[in-house]
Amino acid sequence: MVTRYWVGGTGTWNNTNLANWSTSSGGAGGASFPVAGDDVIFDANSGGGTCTKAATALNIGSLDMTGSTTTIAWASRTMTVDTGNVKLVAVMCSGSVLFTFTGTVDQTFTSGGFQGVTQIVRGGASGTTQKLILGDNLTMGSGTVTLNRAIFDLNGKTLVCNTMDFGTGAISRSLVFGTGTLNCNLFNGGSGTNYTVSAGSGTLTMTGGGAQVSTISSVSLPPTTYIITPALGVGLTMNMSGGTVASLVVSGAGLSLASNLVVTGTLSVTSELGLSAFSIPSLKSSVGGTQRTLTVNGKFETSNYCPIVDINAVTRLHSYVGNDGGNNTNIVFNKLLGVQSLLGVGM
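These figures come from a predicted structure and were not determined experimentally.

K.L.:
Quick one: what's the story with the sheet that holds strand β11 (residues 93-94), residue by residue and with numbers?
P.N.:
A sheet is described by the order of its strands in space; here 4 strands give the open sequence β2-β5-β8-β11, paired in parallel fashion. Bordering the open sheet on either side are β2 (11-13) and β11, each of which pairs with just one other strand. Where β2 lies against strand β5 (residues 50-53), 3 bridges are found, and the strand directions are parallel. Bridge assignment links W13 to a residue of β5, and that residue is K53.

K.L.:
Account for unusual backbone geometry, naming residues and giving values.
P.N.:
The phi dihedral of N155 is positive, around 60°, even though this residue is not glycine. In this fold, N155 is placed in the loop between β18 (150-153) and β19 (158-160). For N155, a relative accessible area of 35% translates into the label partly exposed. Residue D310 is not a glycine yet carries a positive backbone phi of 60°. Note on placement: D310 falls in the loop between β38 (307-309) and β39 (311-319). Relative accessible area serves as the criterion here: at 5%, D310 is assigned to the buried category.

K.L.:
Summarise the nonpolar core; cite the residues concerned and give the values.
P.N.:
Ranked by size, the top nonpolar core spans 45 residues in total, and within it W13, W74, F99, F109, L175 and L182 carry the most contacts. Mapped onto this core, the elements with two or more residues apiece are β6 (58-60), β9 (77-81), β12 (97-101), β14 (117-122), β15 (131-134), β17 (144-147) and β22 (181-184). If you tally residues by element for this core, the top one is β12, at 3 residues. Contact partners of W74, with chain neighbours within four places excluded, come to W13, K53, L63, M79, L88, C93, S94, S96, V97, F99 and F114.

K.L.:
Explain the packing of aromatic side chains residue by residue, including any values.
P.N.:
Taken as a whole and judged by the stated rule, the model has 10 aromatic pairs. Considering the side-chain rings of W6 and F42, the 5.5 Å spacing of their centres and the 15° angle between planes classify their relative orientation as stacked. A residue pair is termed long-range when its members are at least 10 positions apart, and W6 in strand β1 (residues 3-6) and F42 in the loop between β4 (39-41) and β5 qualify at 36 residues. Grouping residues by exposure puts W6 and F42 together as buried. Relative to F42, the ring of W21 has its centre 6.3 Å away and its plane inclined at 80°; by these criteria the two rings are edge-to-face. Of this pair, W21 sits in strand β3 (residues 21-22) while F42 is found in the loop between β4 and β5, placing the two residues 21 residues apart along the sequence. Relative accessible area serves as the criterion here: at 0%, W21 is assigned to the buried category.

Scoring rules and cut-offs
- Residues numbered from 1 in each chain as written.
- Predicted model: local features only at pLDDT ≥ 70, side-chain atom pairs only at ≥ 80, totals over all residues.
- Heavy atoms only, no water.
- Pairing = 2+ DSSP bridges.
- Helix = DSSP H or I, 4+ residues; strand = E, 2+ residues; numbered from the N terminus.
- Buried < 20%, exposed > 50% of the residue type's maximum accessible area, 1.4 Å probe, protein only.
- Core = buried A, V, L, I, M, F, W, Y, C linked by side-chain atoms within 4.5 Å.
- Contact = heavy atoms within 4.5 Å.
- Phe/Tyr/Trp six-rings, centres within 6.5 Å; stacked < 30°, edge-to-face > 60°.

In structure tokens form, the structure reads like this:
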């Protein structure tokens, strides 16, 4: 393992160009190009201009752009990092890039505000237990985080992406929130098993079209706060595998339970007034005629006329404005009481 410095300003990062690589900061070019296990540094002595990442997928040990005077044009390329950290600088990056982390030690990814990361993959050998740690808040837009193994740690930071994907297979892997926030459109268990989610006091926020927690099996989902805003008319399907959440707030669409659910705090299923449509959500089982068991220890609220169907409440629930859609147990529909309460009339 060696350290390689980018020098000389403009050039192409590939596996043949040696002119822009040096063994020291600001030193002479001509050193061997970096390979797996090598540390790559762009710094104040790298020169101006642009380093263009070639089409070849490259494997390095680490990347540090602190103080870089050279812009890296990623050009939708792939970079595998196998031993160390990645630290980017937003103003010195352009294009888009996919990072795969395969280290058998903890690795930290710091975006520096760069929003061109299209995918982060946590891979590595089978049995890898080390973490990929977020070093700062990361916004990926339509990007995906794929957790194939090991641990992805939000580290109290905010991750905004399109998809959080647990991939396939049965290799142990874990998502850790700490105090962090994950804001995504799709929280996808896929067909994989043997993964866990450790929430701490974190928050999962889901927005946009098609938001769903889908086909999650053999997973321990965290007692965190879930704030879900699916697209109007889309709805949310939750398969919690008998899981427990602290609070669940679904705004703008219905909630369909594909498994039993325990909510230790607030369960709220409410509508939103959209620009083109008004959504009346429902609370129901994902299989018509088959009850799902629901426990709510805190506040329970729904929108006006919200149909409630095929729900078996462990502790009695009062719905003041919802509609009884049938096959419910231990849910009291007291619309009159709700009106009296709103008007301040004694009961």
